[in-house]
Each structure stands twice: as C-alpha cells, then as structure tokens.
Amino acid sequence: MAGGSEFISINPSLNREVFKLGGKSLLECYQCGSCTAVCPLAEELNVSFRRAIRYTQLGVEEKILGDISPWSCNLHGDCTDSCPRGASPSEILAAIRRYQANKYDWTGLARWWNNSSLTAKILTYLAFFAISLLFYFGIYWQKILQFASTGKLVILSELLIPVVAVFVVALVILAPSGYRAYRFMIKDKKKEVGFFKSLKLIANFFIKLETESMGVPHKRDRILEHVLILVGLGLFILLAIIYLVFPKFFEFEIISKALIYIASLSLLIGVGSPLTKRLMASEKTHWYYKKFRHPTDWMSLITLFPVALMALLVFVFYDLSMILYAYIAFALLLIFLIPFLLLEFAFGKHTHWLYKIIAYYVGARTGYFRGD
Amino acid sequence: MSSVLIVGGGVAGIQAALDLAEQGIEVYLVDKAPSVGGKMAYLDKTFPTLDCASCILAPKMAALLRYPNIKLIMNSEVLEVSGRAGNFRVKILKKPTYVDWSKCNGCGVCTEKCPTKVPNEYNMGLSQRRAIYIMFPQAVPKRAIIDAEHCIRLNPPPKAKEKAKGPLCGVCERNCPTKAIRYDQQPEIIDLNVAAIIIATGMELYDPKNLPELGYGKHQNVYTNLEFERLVSATGPTNGEIVRKSDGKHPRKIAWIQCVGSRDVRFNHYCSAYCCMAATKQAILAKEHLPNVECTVYYMDIRAFGKGFNEFLERAKKEFGVRYIRGKVRIDEIPESKNLKIVYEDTAESYLKTEEYDMVVLSMAVTPNSKLSIPLELAEGGFIKLKNPYLDPVSTTIEGIFVVGAVAGAKDIPDSVTEASAAAARAALIAKRLACPTPEVVK
C-alpha cells in the first residue's frame with residue numbers, strides 16, 4: 001500500500017465499535033468484492049468498499065479514518081441485494097461513517113450521540129426541546145402578544161436572534177471537526193488535480209450518477225426527496241439572510257410568499273415522505289427502508305419533520321389572518337430548530353453534508369474520480 | 001440369494017451395479033433417462049488427468065450388458081417402496097417408449113426419417129434431434145424412443161387432427177427394418193422384491209436465471225459450464241468447435257465465473273466441490289481447441305483439494321497461461337458486438353476494473369435430485385441425510401437403503417465411484433444374508 005508509516009497500528013476494538021454503530025454484518029464479509037462490482041458509484045470512483053470493510057475487520061484505524069469511500073456511498077443498497085453472505089455492505093459503510101464522524105468530532109459529543117439508543121436520543125431531544133420552549137415562551141411571550149396585536153408578520157428579527165446564535169455555535173463546533181476530517185482524509189495522498197478541474201469532475205459525476213439512478217423507482221424517489229430537503233433548507237437559510245440584511249425584499253409579497261411556500265412544502269414533502277415510508281416499511285412495500293434502521297437514521301428525520309411542519313403552518317395561519325397562531329407557530333418552528341441544530345446538525349447524521357463535501361473535494365483533488 | 005435395486009444410472013450407479021453383478025447378485029438398474037450414463041456422459045474430458053470422459057465411461061456402460069444378472073429398467077421411475085432391509089417391495093413405473101426394445105437394434109433409420117425437430121436435451125438445446133431419437137451415440141442400451149409430447153402421431157397438432165381422416169405421419173413405423181414401433185404401448189407397473197436399495201440419482205445444475213446480474217438467458221454468449229462442455233465435446237452440437245451463439249465466430253477471450261449459486265446465502269450455502277477443477281479443465285480444453293484464446297477464471301477461493309488437483313491448477317497457470325483473478329463480477333452485454341463486459345473488483349489490488357470478453361461460462365452450483373418417492377430424511381441443502389457422515393458415509397437413515405454420489409453431497413467423479421463401490425459392498429452383505437439388519441419398516 002502506498003504511503004503511511006512502516007508500521008501499522010491495529011485498534012482491536014474497531015470492529016466492535018463499528019458493530020455497535022450499526023454494522024451488524026461486518027464479520028460476515030469474506031472479501032469476494034461483489035459489492036464493488038455491482039455498485040453504480042464504483043465505475044466512476046476509484047474506491048473499494050470491500051477494502052474499507054476489510055480494514056475495519058482488521059482494525060486498521062489509520063486507514064479507515066482517512067478513507068473517503070464510506071462518504072462517497074449513497075446508500076443505494078444494490079450491494080446488499082447481491083451479497084452472497086447475506087451481509088449489508090451499505091449498512092456497514094454507514095456504520096463506518098458514524099465511526100469516522102465520531103473521530104472527526106473534536107468535542108466527543110458526537111460519539112455519545114451516535115452510540116446512544118433511540119430512547120436516549122428522544123429523551124435528550126425532548127429535554128433540549130423543553131429548555132428552548134421555556135426559554136422562548138418565557139422571554140418572548142409578551143412580545144409575541146404585542147407583535148400579534150399589530151396584525152402583521154414583520155417584526156421577527158428579534159425572535160430569530162437566538163436561533164441564529166445557535167446556528168453560529170453549531171457551525172463553530174463543526175468547523176474544527178471539518179478541518180480534522182480534511183487532515184485525516186488528505187493524509188498520505190497527493191493533490192494531482194487542479195481546483196477547477198476537480199469541481200468539474202464532481203459536477204460530471206453527480207450528473208451522470210443521478211441520470212442513471214433516475215431509472216430505478218426507489219432510487220429516484222430518494223434523490224427527489226433529498227433534493228427537496230436541500231431546496232427547502234437552502235431557501236430558508238437564504239430567506240433568513242435576506243430578511244436580516246435586506247428586509248425590504250418581503251414587500252414584494254407574491255414573490256416572497258411563493259418562495260416561502262415552495263421552501264416549506266418541499267421541506268415537508270422531502271422529510272415526510274421518507275418518514276412515512278420508514279414507518280410503513282415491510283418486506284413488500286418500501287423494503288428499501290428495512291435496510292437502514294439505525295437510530296441516527298430515524299432521528300435525522302424525526303428532528304427535522306416538526307421544523308418543516310411549523311414552517312408551513314406559519315404562513316398558512318398568516319394567510320388565514322390568524323396572526324397570533326402564526327406567531328406561535330413561528331416561535332415553535334424556532335423552538336424545534338434549536339435542538340435540531342444543537343444535536344442533529346452539529347453531531348448527528350446531518351453532519352454528513354460537511355464531511356461529504358470534504359470527502360468529494362479531497363477525492364477530486366487526489367484523483368479518486370475516474371472522470372472523462 | 002436376493003437382489004439389489006439401484007436408482008439412477010450415472011457413473012456411481014453403474015459402478016455399484018457392476019460390483020454387485022460380479023458377485024453374482026441380481027441387480028435392477030432404474031433410470032429416468034432412456035440411457036445410462038448420467039451427467040458424466042455429457043462431459044468431454046475429466047479432471048485432473050484430462051482423460052476422455054466417454055473413453056472411461058463407455059466400457060463400463062457396455063459392461064452392464066455383458067452381465068445376465070443386470071436388468072436395465074430405463075425410462076422409469078420408482079413409485080413406491082415398502083418393507084424393510086432384506087425385503088423391500090418396490091413399485092416401478094415404466095413409461096412407454098413406443099418402441100419394442102426387444103426388437104429395436106439401434107440402427108437409427110427412424111431418427112433420420114422423422115420429420116419433427118426438437119431441441120436436443122443431450123446438447124443442452126444447442127442442437128436439434130428428432131421426435132424419435134437415440135439419446136446419444138454411445139447410449140446403453142442403444143434403443144430408440146419416441147418423445148410423445150412432440151411426435152405428430154402421438155400428440156397431433158389440433159388443426160391437423162381435424163383435417164386428417166386416419167392416423168397422422170407414421171414415418172418411423174413404415175421405415176423401421178425390424179418393425180419395432182408400437183404407438184399403442186402403455187405405461188407398465190413393475191413390482192420387484194429386493195434386499196437392498198442404492199440411491200444414485202445424482203444432481204442437476206442450479207438454474208442460472210436466479211442470478212439476474214449475470215444475465216444468463218438475456219445475453220447470448222453467456223453459457224453454463226455444462227453447455228460449454230457440450231460445445232467442446234466431439235459429439236457436441238458443433239463437433240467440438242468452440243463458436244459463439246450470436247455470430248458463429250471463434251471467441252478470442254473466454255471468462256469463467258466461479259461459485260455461481262454456490263457459497264451464497266441467497267441460493268445455496270454449500271460449496272459445489274467440482275467447479276474449480278471443472279473450470280480449470282475447461283480453460284485448458286479451450287486453449288487446446290483454440291491456441292490463441294485468452295482464458296480467465298474469476299474466483300472467490302480456489303479449492304484444489306484432491307489428489308493431483310493442485311498440480312493440475314499449477315499446470316493450467318504455467319503451461320497454458322490461464323489467468324486467475326480473485327473477485328466476484330457483474331456482466332453487462334455490449335449491444336453492438338454481443339461481447340460481454342465484466343465488471344469486477346480485483347480484490348488483490350482493491351481496484352474496480354472492467355474487461356471485455358467474447359464468451360462467458362458460468363460455473364453453476366449443483367442441486368441434488370433428492371425429490372424421491374422414498375421417505376428419506378434430507379439434510380441441509382436438500383441432500384439426502386447420511387446416517388453417520390464419518391463412519392457410515394453411504395447409509396441413509398433407513399436400514400438397507402444406501403446413498404452414493406452427488407445426491408448425498410456435491411462431489412466429483414472419483415468420490416462418487418468410491419462411494420458406489422462402498423455401497424455395493426454394504427448392499428451385498430444384506431443381499432447375501434451375511435448381515436442381519438435391525439428390522440425397520442418403511443411406511
């Protein structure tokens with residue numbers, strides 16, 4: 001193998017940890033490589049999922065920490081269908097990802113959050129929720145009543161401040177983790193491709209992959225849901241920034257309202273659809289979701305769903321002229337956002353946006369994309 | 001002195017029959033096919049010595065006819081078994097062949113004159129036979145049989161039946177020099193009384209269509225290993241010339257895919273035991289037929305466990321330049337050329353690679369022919385359960401019924417023959433009343 005020190009240290013507890021993080025079938029693998037052969041990504045990327053699984057079995061932690069292949073996995077699950085050992089390679093990769101994220105996180109909280117059970121997660125979430133609920137209604141209740149009496153939904157910046165602060169805190173927490181991830185991933189690799197060419201490679205890769213996946217119903221649905229969530233979240237962040245910087249934009253009521261409705265509806269559908277499928281999953285319908293049942297998969301949706309619901313309710317109430325309810329819904333939206341940002345966004349499954357971007361960037365710069 | 005029934009006339013059944021007959025015991029050999037020979041009769045060469053399969057098998061098959069105490073009951077099935085060791089009552093259904101075998105001399109005139117063409121099972125459907133046919137040139141007994149399903153006389157097409165006044169066709173009856181054709185032959189029930197039974201029903205290939213990622217049936221140039229065996233065989237559909245189904249050209253690159261359906265929790269858990277060596281043998285045969293062909297074997301593990309097997313493998317690598325690559329594959333067809341693109345991870349290098357081949361051969365798993373009318377216990381994988389796999393490896397859970405060959409567990413020819421002789425010795429003890437088995441009634 002290229003690079004690295006002459007001696008490789010082994011972490012004997014690595015496979016136990018990955019097992020605990022959801023990679024239940026880790027030790028089933030006997031290295032036939034059929035997962036890589038059937039993977040739609042592997043033709044475009046110079047990655048070997050089998051190798052990542054092998055390193056995990058052996059406990060070669062230093063190879064695992066810098067491995068970008070788990071982050072390039074899109075959890076299609078084709079490998080699970082064709083595994084001769086009945087193992088679930090995509091689930092193992094998801095578990096390796098959790099392990100990597102735990103190690104990238106400098107606070108050590110991610111490790112606790114990812115390892116905890118669904119009950120512990122929900123209880124923690126509820127505790128955070130209760131705190132932010134008390135905080136909001138304790139401080140802002142009078143103001144909400146005051147605002148509501150104006151009959152307009154305009155003076156919101158004051159309410160936004162705590163959430164923006166929490167968002168900044170989450171980003172501050174994430175930034176060093178992201179840097180650590182970058183250091184781990186770039187280690188022992190050479191930058192071979194220029195910056196702009198690497199961006200082009202990533203774009204080409206995504207276009208090709210998404211076009212191919214659109215032919216398969218369950219993959220198409222997942223891509224659409226993911227795009228909806230991205231559009232919803234992205235639009236909301238954009239609108240919040242516009243609101244804080246250039247509030248006059250909201251005087252163009254039709255455009256701003258249309259944008260707000262698009263954002264909240266796409267977020268609601270993007271989160272609601274996989275959540276309902278996950279709840280209804282059986283052998284016959286939505287069997288795909290049977291493959292990924294780790295608590296973090298549930299929490300990422302459970303925490304985001306009320307946010308999406310409240311976002312929609314704010315403007316529904318506003319349009320029905322129920323201003324007080326609109327304010328309450330808005331306050332609830334922010335209340336739900338706080339535990340989401342502090343738990344899921346900073347430590348949970350949602351951190352994948354950061355690590356994935358870093359992994360793709362590192363991959364593109366170091367020649368992991370075959371590209372053409 | 002009582003008799004022994006052998007169910008299945010493959011190489012194991014033949015060996016057991018010969019061993020028993022030599023001791024003067026009366027043997028009934030039942031086979032569902034019109035000829036003995038079993039799966040070995042399909043093979044061109046055997047591993048690890050590359051001996052010609054029919055040169056080994058044909059003398060044994062012919063020897064069956066020399067013993068007056070061997071009765072061949074072809075084209076038949078066992079319906080019912082009752083009784084106990086030393087005294088089994090067996091009911092056998094002898095299906096009609098529509099040819100009086102006591103008169104037929106196997107001249108083959110009827111098979112030339114018959115107007116109906118049907119895919120030839122012996123060549124895995126790669127060539128055609130007539131509705132009246134002799135199973136293969138070395139068949140024992142070499143007798144003709146009418147395929148009632150395809151014969152115009154026995155199963156006339158509905159439209160022709162309405163038009164015609166009398167019976168249709170009848171070409172074989174008119175042309176038969178010995179007047180052996182009997183269109184009115186009926187199924188027959190044969191009752192036997194035997195002391196012991198040897199089950200040697202062997203195996204079938206697993207259905208490759210269960211593995212859609214390999215594209216068998218969808219891609220023209222993907223073959224099973226038994227099809228390829230017929231293709232290289234001199235008695236095969238092309239008289240031993242290796243050509244592609246799609247364009248009739250010689251392949252320049254052939255790939256073998258190992259463990260297709262075996263060692264796979266989705267299909268069969270067990271290792272099929274013969275395929276590593278069979279693929280190596282076929283790669284060598286391909287090299288002998290077409291010296292410029294490139295042969296590659298994709299494997300998960302190479303299991304060269306038997307005597308001379310590893311040397312055979314080394315010979316294939318060094319002398320014949322057969323490539324071995326560790327990795328499971330996916331097969332895509334290139335629509336223009338009908339070539340096959342193999343996508344695999346070279347697990348030695350951890351790198352996904354693609355390579356184009358003209359022909360792909362799937363080393364299929366075997367499944368036992370264990371759906372019998374005898375209430376025998378089955379073990380994992382559908383194989384017949386052995387009484388004691390270590391110390392009594394040919395006895396079933398019923399006293400006096402023995403099992404040999406691939407129906408007891410996937411195995412190759414030498415192992416099957418060894419077991420056959422062992423079972424013959426055990427059956428002879430019962431037949432000669434030297435052993436007194438504990439009475440155990442078969443329901």
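Along each chain, numbering runs from 1 in the same order as the chain's sequence is written. Working convention: letters from A go to chains and numbers from 1 go to ligands, in the order in which they are written. Predicted model: local features are reported for residues with pLDDT of at least 70 only, side-chain atom pairs are reported and counted for 80 or more only, and whole-chain, interface and lining totals are derived from all residues.

**Some details on the domain arrangement of chain A**
All names here are of chain A.
Then, number 1: Domain boundaries assigned for chain A yield domain 1 (14-104) and domain 2 (116-365).
Then, number 2: Placing the centre of domain 1 and that of domain 2 at their C-alpha centroids yields a distance of 27 Å.
Then, number 3: Here contacts are defined at the residue level, using C-beta atoms placed from the backbone and a cut-off of 7 Å between them. Contacts between domain 1 and domain 2 engage 21 residues on the former and 24 residues on the latter.
Then, number 4: Helix and strand labels come from DSSP, where a helix needs a run of H or I of at least four residues and a strand needs a run of E of at least two; each type is numbered from the N terminus. Among the elements of the structure, α5 (69-72) and α7 (89-104) are those that each provide at least two residues to the side of domain 1 that touches domain 2.
Then, number 5: Note on residue classes: Ala, Val, Leu, Ile, Met, Phe, Trp, Tyr, Cys and Pro are nonpolar, Asp, Glu, Lys and Arg are charged, and everything else, Gly too, is polar. Tallied by class, the residues present in the side of domain 1 that touches domain 2 amount to 10 nonpolar, 8 polar and 3 charged. Boundaries of every domain are those given by an automatic assignment or by a domain database.

**Focus: the domain arrangement of chain B**
All names here are of chain B.
Then, number 1: Segmentation of chain B into domains returns domain 1 (3-95 + 187-202 + 369-431), domain 2 (109-175) and domain 3 (208-365).
Then, number 2: If you average the C-alpha positions of domain 2 and of domain 3, the two centres end up 35 Å apart.
Then, number 3: At the interface, 6 residues of domain 2 touch 7 residues of domain 3.
Then, number 4: Within the side of domain 2 that touches domain 3, the residues separate by chemical class into 4 nonpolar, 2 polar and no charged.

**Examining the sheet that holds strand β16 (residues 253-260) of chain B**
All names here are of chain B.
Then, number 1: In this scheme, strands are said to pair when DSSP sees at least two bridges between them. Here we have 5 strands laid out as an open sheet, ordered β15-β22-β16-β17-β18, and parallel in their pairing. What marks the edges here is a single partner per strand, and that holds for β15 (222-224) and β18 (323-326). Within this sheet the neighbouring strands show an average axis-to-axis angle of 25°, counted without direction.
Then, number 2: Of the pairings in the sheet, the one linking β16 to strand β22 (residues 359-364) comprises 5 bridges and is parallel in character. The axes are straight lines fitted to the C-alpha atoms, using for helices just the contacting stretch, and the angles between their N-to-C directions are given from 0 to 180°.

**Focus on the packing of helix α6 (residues 225-232) of chain B against helix α7 (residues 275-289) of chain B**
Residue and element names in this part refer to chain B.
Then, number 1: It is the contact of α6 with α7, at a shortest axis distance of 11 Å, that shows an interaxial angle of 30°. Between α6 and α7, the crossing angle belongs to the class labelled roughly parallel. Pair α6 / α7 crosses with left-handed handedness. Two secondary-structure elements touch here, α6 through Asn225, Phe228, Glu229 and Val232 and α7 through Cys275, Ala278, Ala279, Gln282, Leu285, Ala286 and His289.
Then, number 2: Taken together, the residues of the contact of α6 with α7 break down into 7 nonpolar, 3 polar and 1 charged. Should an angle lie under 35 degrees it is considered roughly parallel, over 145 roughly antiparallel, and from 65 to 115 roughly perpendicular; all remaining angles are considered oblique. Handedness of each helix crossing follows the sense of rotation of the near helix against the far helix: counterclockwise by less than a right angle gives left-handed, clockwise gives right-handed.

**Notes on the sheet that holds strand β1 (residues 3-7) of chain B**
Residue and element names in this part refer to chain B.
Then, number 1: Overall, parallel pairing links the 5 strands, which are arranged β5-β2-β1-β13-β24 in an open sheet. Unpaired on one side and paired on the other, β5 (70-73) and β24 (401-403) mark the two borders of the sheet. Here the average twist between neighbouring strands, direction ignored, is 20°.
Then, number 2: Taken together, the 3 bridges between strand β13 (residues 196-199) and β24 define a ladder with parallel strand orientation.

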